[in-house]
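A look at the structure
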Amino acid sequence: MDDGSRWEPDGYLTFIREEIPAYDRLQDELVKATRRTSPRRILDLGSGSGETASRILKAHPYAELVGIDASEKMLASARRSLSELPATFHVGQIEDELPDGPFELIVSALTIHHLPGADKQDLFDRVAEVVRPGGRFVIADVVVPTEPSRNGIELSEHDHPSSVEDQLAWLSEAGFQPHLHWSHGELAVISADLR
Ligand SMILES: C[S@@+](CC[C@H](N)C(=O)[O-])C[C@H]1O[C@@H](n2cnc3c(N)ncnc32)[C@H](O)[C@@H]1O
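For clarity, every value in this text was computed on a predicted model and none was experimentally measured.

A look at the environment of E29
By the secondary structure assignment, E29 is in helix α2 (residues 23-32). The exposure class assigned to E29 is buried, which follows from its relative accessible area of 4%. A sequence separation of 159 residues divides E29 from A188, and the C-alpha atoms of the two residues are 9.0 Å apart. The contacts of E29, once residues within four sequence positions are left out, are H181, W182 and V189. In terms of polar contacts, E29 uses its side chain to reach the side chain of H181, at 2.9 Å.

A look at the sheet that holds strand β7 (residues 187-194)
The strands that make up a sheet pair up through hydrogen bonds in the backbone, lying either parallel or antiparallel. Ordered in space as β3-β2-β1-β4-β5-β7-β6, the seven strands form an open sheet in which the pairing is mixed. Where the open sheet ends on each side, the last strands, each with one partner, are β3 (87-91) and β6 (176-184). Neighbour-to-neighbour, the strand axes of the sheet open up by a mean angle of 15 degrees, direction not taken into account. In this sheet, β7 lies alongside strand β5 (residues 131-142) in antiparallel orientation, the contact comprising seven bridges.

Some thoughts on the side chain of D69
One can find D69 in strand β2 (residues 64-69). R79 provides the closest opposite charge to the buried, unpaired D69, separated from it by 9.6 Å. Polar contacts involving the side chain of D69 include one to the main-chain amide nitrogen of S71, which spans 2.8 Å. The residues touching D69, leaving out its near neighbours within four places in the chain, are G46, S47, G48, M74, L75, H90, V91 and G92.

What counts, and where the lines are drawn
- Residues numbered from 1 in each chain as written.
- Predicted model: local features only at pLDDT ≥ 70, side-chain atom pairs only at ≥ 80, totals over all residues.
- Heavy atoms only, no water.
- Helix = DSSP H or I, 4+ residues; strand = E, 2+ residues; numbered from the N terminus.
- Buried < 20%, exposed > 50% of the residue type's maximum accessible area, 1.4 Å probe, protein only.
- Contact = heavy atoms within 4.5 Å.
- Polar contact = N/O pair within 3.5 Å; in protein donor to acceptor, adjacent residues only side chain to side chain.
- Pairing = 2+ DSSP bridges.
- Axes fitted to C-alpha atoms, helices over the stretch in contact; angles between N-to-C directions.
- Lys, Arg positive; Asp, Glu negative; His and termini not counted.
- Salt bridge = Lys/Arg side-chain N within 4 Å of Asp/Glu carboxyl O.

Written out as structure tokens, the structure reads:
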């Protein structure tokens, strides 16, 4: 389990853009995958320093956002940079009980791949319980690529990516209608509407 202590807000964006050159494209595709939704409440799993949250709130200015992350340090930075926005952040593990729903939209960028497959399955079941029926769950993350990697993302012992195929199957089992929105080597955005 990742307790978040290894993540540092200072220099995060420089670091992550070096690690994942397509970082900004991944975030853009996540936002695109939320189009044609009109969420009132959004849940962000693994908010970190608030990059994903700020992009999502820009696209959905009438929504309020709840974010969780294991790292108090990262969230302190998110609270500072999003202080003018309708966002609240709570320290928590995504393996634990999720904030009370319902949410019309749940997003997660570069966080769920930290969970082994069985924990992802469990998370998807719990996400289905807090999404409003007809609502959407969008995952933008590192996956096991179908062909040898083009992006050259280095994995550590904290990373447990799964294939898109497995995640689509687990989301279906949890009651979603999922599809692959975008992929590029070992990066993918999966969009899943709750039936
Ligand atoms: C790469 S950052 C992503 C932050 C942001 N979503 C973005 O895309 O820039 C990953 C974040 O996931 C958090 N994290 C990792 N494992 C977690 C877990 N099991 N529960 C909650 N947060 C976790 C880390 O603390 C870190 O802030």
